[in-house]
Amino acid sequence: MKQSILEFYSTLDKARDRALWLEFEHRNVPKQFVVFDGPEEGNYAVADKQTAEEMEITHQYYSLPENYQHWTYGDLKGIAGDPEMLSHFEELLGKFQVMEGNLLKFILKYQLPLEKIIRHELGCRGFDDNNWVGFQESEKYWMK
C-alpha cells in the first residue's frame, strides 16, 4: 500500500531540509522526495516523487542539499530560533542544549573527534546504514 506524502512549508530551506530528512527516513524503500512551488504564493511543497507525478507536477524541482557543511552560524541560529523547527533538528539540537556546558567546552578545546564517537556508537549497535548485519560486521562497517 502506497503512502502519499504532501506537506507545505513557508521557506524553501525548510522544505529542502524536510525532503532530505524524508529521503533519509525512507532510505530502505528507497523513495525520492521532491520540493516544488506550492499552491499559494511563497510556499513550497514537499512530496514523494510518485505523488508529485500522479498530481502531474513534473516541472522543475528544487535541488536538495548534499550535506550541511555549508551551514553558517546564521543558518544555525535561524533553525534554532524557528518556533516550528523540524522535529529532527529539534531532537538533535536538544541533545546539545541539555549537555553540560563544560562537556561542550571540553569537546571544542581538545577537538574530540565527534565523527569517531558517533561511528563507535553505531558500530556497537549491530547495523550498517540500513540493516542488521551483526555486531562484528557493524563494527567493521562503522569503524573503518
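1. Concerning the overall build of the protein
Along its length, the protein carries 7 helices and 3 strands. Helices and strands in the protein line up, N terminus first, as β-α-β-β-α-α-α-α-α-α. The proportion of buried residues among the 144 residues of the protein is 28%. For the protein, restricting intrachain contacts to residue pairs at least 6 apart in sequence, the fraction spanning at least 24 positions comes to 46%. Carbon and sulfur atoms make up 53% of the accessible area of the protein, which amounts to about 10,800 Å² in all. Taking the 16 positively charged and 25 negatively charged side chains of the protein as two groups, their mean positions are separated by 8 Å.

2. Regarding a nonpolar patch on the surface
A cluster of nonpolar residues, Leu92, Phe96, Met99, Leu103, Leu114, Ile117 and Ile118, forms a patch on the protein surface that exposes about 590 Å² of accessible area. When residues of the nonpolar patch are traced back to their parent elements, those giving at least two are helix H4 (87-97) and helix H6 (114-123). Broken down by element, the nonpolar patch gets its largest block of residues, 3 residues, from H6. Residue placement: Met99 occurs in the loop between H4 and helix H5 (101-109). By relative accessible area, Met99 is classed as partly exposed at 30%.

3. What to know about the pattern of salt bridges
Enumeration according to the criterion identifies 5 salt bridges in this entry. Arg18 is paired through a salt bridge with Glu7; the nearest N and O atoms lie 2.8 Å apart. Linking Arg18 in helix H1 (residues 12-25) with Glu7 in strand E1 (residues 6-9), this pair joins segments that are 11 residues apart in sequence. For Arg18, a relative accessible area of 16% corresponds to the buried category. Between Arg119 and Glu115 there is a salt bridge, with the nearest N and O atoms lying 3.0 Å from each other. One end of the pair, Arg119, and the other, Glu115, are both in helix H6, 4 residues apart, so they sit about a helical turn from each other. For Glu115, a relative accessible area of 53% gives the class exposed.

4. With respect to H1
Taking 1.5 Å per residue, 14 residues should reach 20 Å; H1 reaches 20 Å between its end C-alpha atoms and fits that length. Those residues of H1 that fall on the buried side of the exposure criterion are Leu12, Lys14, Ala15, Asp17, Arg18, Ala19, Leu20 and Leu22. Buried residues along H1 sit in contact with E1, strand E2 (33-37), strand E3 (44-48), helix H3 (73-80) and H4.

5. Here's the deal with the nonpolar core
Ranked by internal contacts, the top residues of the largest apolar core, which has 15 residues, are Ala15, Val35 and Val46. Among the elements of the structure, H1, E2, E3 and H4 are those that each provide at least two residues to this core. What Val35 contacts, discounting residues up to four positions off in sequence, is Leu12, Ala15, Arg16, Ala19, Tyr44, Ala45, Val46, Tyr61, Tyr62 and Leu64. Core analysis: the next-biggest nonpolar cluster, separate from the first, contains 6 residues, Phe36, Ala45, Ala47 and Ile57 among them.

6. Section: the packing of H6 against helix H7 (residues 135-142)
Describing two packed helices takes the angle between their axes plus the distance from one axis to the other. In the contact formed by H6 and H7, the axes pass within 8 Å of each other and the chain directions differ by 165°. Compared by their axis directions, H6 and H7 come out roughly antiparallel. Viewed along their axes, H6 and H7 form a crossing whose handedness is right-handed. Contact with H6, carried on its side by Arg119, Leu122 and Gly123, involves Phe135, Ser138, Glu139, Tyr141 and Trp142 of H7 and no other residues of that element. Of the residues that constitute the contact of H6 with H7, the class distribution is 4 nonpolar, 2 polar and 2 charged.

Rules used in this analysis
Sequence order sets the numbering: in each chain, residues are counted from 1 along the sequence as written. Local features in this predicted model are restricted to residues of pLDDT 70 or higher, and side-chain atom pairs are both shown and tallied only at a pLDDT of 80 or more, whereas totals for entire chains, interfaces and linings draw on every residue. Just so you know, side-chain values use all the structure's heavy atoms and leave hydrogens and water out. By definition, any uninterrupted DSSP run of H or I lasting at least four residues is a helix, any uninterrupted run of E lasting at least two residues is a strand, and each is numbered from the N terminus. The cut-offs for exposure are 20% and 50% of the maximum accessible area for each residue type, with area from a 1.4 Å probe on protein chains only; residues under the lower value are buried, those over the upper are exposed, and the others partly exposed. In what follows, a contact means two residues having at least one pair of non-hydrogen atoms within 4.5 Å. All accessibility values rest on the Shrake-Rupley procedure with a 1.4 Å probe; residue burial counts only the protein chains present in the view. For the purpose of counting charges, residues Lys and Arg are taken to be positive, whereas Asp and Glu are taken to be negative. His and the chain ends are not included. In plain terms, the charge of a residue is placed at NZ if it is Lys, CZ if Arg, CG if Asp and CD if Glu. Only residues whose relative accessible area exceeds 30% and that take part in no salt bridge are eligible for patches, with like-charged residues grouped when within 9 Å of each other and nonpolar side chains (Val, Leu, Ile, Met, Phe, Trp, Tyr) grouped when within 5 Å. The term salt bridge refers to a side-chain nitrogen of Lys or Arg lying within 4 Å of a carboxyl oxygen of Asp or Glu. The length a helix should cover is 1.5 Å for every residue beyond the first. By convention a nonpolar core is built from buried Ala, Val, Leu, Ile, Met, Phe, Trp, Tyr and Cys residues, the set being connected through side-chain atoms within 4.5 Å. For every element, the axis is a line fit to its C-alpha atoms; helices are fit only across the contacting stretch, and the angle between N-to-C directions ranges from 0 to 180 degrees. Orientation labels follow simple angle bins: below 35 degrees gives roughly parallel, above 145 gives roughly antiparallel, 65 to 115 gives roughly perpendicular, and whatever is left gives oblique. The hand of a helix crossing depends on one turn: near helix anticlockwise from the far one by less than a right angle means left-handed, and clockwise means right-handed. As a working rule, the residues Ala, Val, Leu, Ile, Met, Phe, Trp, Tyr, Cys and Pro are called nonpolar, Asp, Glu, Lys and Arg charged, and the rest polar, with Gly in that last group.

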